[in-house]
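# Analysis of the macromolecular model
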Amino acid sequence: MGSVCAARHRVGVVEIDPSVPDDRSIYDLADAAEHEICRGYASTVATSIRELLQEQSFDVRVSRHDRDVHVWINLGFAATPTTVSAVADRARAGVRRHDRFAQVIDVSVQHRPW
């Protein structure tokens, strides 16, 4: 897979220049690349949710395993079931907008009870 395809499929690419010494291992560099990819997902998901919730508080965390994307959303307020469902739909759409090749999108929404 070349770098263009890797970018399309959200695969971390690590470029190592032998003339520039770096004390980090290839594993550290790969972890940093994966962290940046997850930040991209989280940013896109947060933008999608922000359109719905406006000024209400929420937090987004994203992780990946292979082609599976896991999104955790913590709402800072008591939400109706309809709002929870709409937030989950927006999160899924945000992941799909960011990565159309994600095979599994798992979204969990937590909120304060009524």
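Each remark here, short or long, concerns the structure printed above.
Our subject in this report is the structure included herewith. (Residues numbered from 1 in each chain as written. Predicted model: local features only at pLDDT ≥ 70, side-chain atom pairs only at ≥ 80, totals over all residues. Heavy atoms only, no water.)

### Overview of the overall build of the chain
- Helix and strand content of the chain: three helices and three strands.
- Ordered by position from N to C terminus, the α and β elements of the chain give α-α-β-β-α-β.
- A buried classification covers 29% of the 114 residues belonging to the chain.
- By sequence separation, contacts in the chain at least 24 residues apart represent 58% of the contacts at least 6 residues apart.
- A total accessible area of about 7500 Å² is found for the chain, and carbon and sulfur atoms account for 51% of it. (Helix = DSSP H or I, 4+ residues; strand = E, 2+ residues; numbered from the N terminus. Buried < 20%, exposed > 50% of the residue type's maximum accessible area, 1.4 Å probe, protein only. Contact = heavy atoms within 4.5 Å. Areas by Shrake-Rupley, 256 points an atom, 1.4 Å probe, with all protein chains shown as cover.)

### Structural notes on the sheet that holds strand β2 (residues 68-78)
- With mixed pairing, three strands are arranged side by side in an open sheet as β1-β2-β3. Bordering the open sheet on either side are β1 (58-65) and β3 (104-112), each of which pairs with just one other strand. For this sheet the average axis-to-axis angle between neighbouring strands, irrespective of direction, equals 15 degrees.
- Two elements, β1 and β2, share eight bridges in a ladder whose sense is antiparallel. Within β2, the position partnered with Arg-64 by the bridge is Val-69. (Pairing = 2+ DSSP bridges. Axes fitted to C-alpha atoms, helices over the stretch in contact; angles between N-to-C directions.)

### Some words on the side chain of Ser-48
- In this structure, Ser-48 sits in helix α2 (residues 26-53).
- Excluding its chain neighbours within four sequence positions, the residues that come into contact with Ser-48 are Arg-90, Gly-94 and Arg-97.

### A few points about the packing of α2 against helix α3 (residues 81-98)
- In the contact formed by α2 and α3, the axes pass within 8 Å of each other and the chain directions differ by 140 degrees. Between α2 and α3, the interaxial angle falls into the category oblique. The crossing of α2 and α3 is right-handed. Of α3, the residues touching α2 (which contributes Ile-37, Gly-40, Tyr-41, Thr-44, Val-45, Ser-48, Ile-49, Glu-51, Leu-52 and Leu-53) are Thr-83, Ala-86, Val-87, Arg-90, Ala-91, Gly-94, Val-95, Arg-97 and His-98.
- Of the residues belonging to the contact of α2 with α3, the class tally is 10 nonpolar, six polar and three charged. (Parallel < 35°, antiparallel > 145°, perpendicular 65-115°, else oblique. Left-handed = near helix turned anticlockwise from the far one by under 90°. Nonpolar A, V, L, I, M, F, W, Y, C, P; charged D, E, K, R; others polar.)

This is a description of form; function is not addressed.
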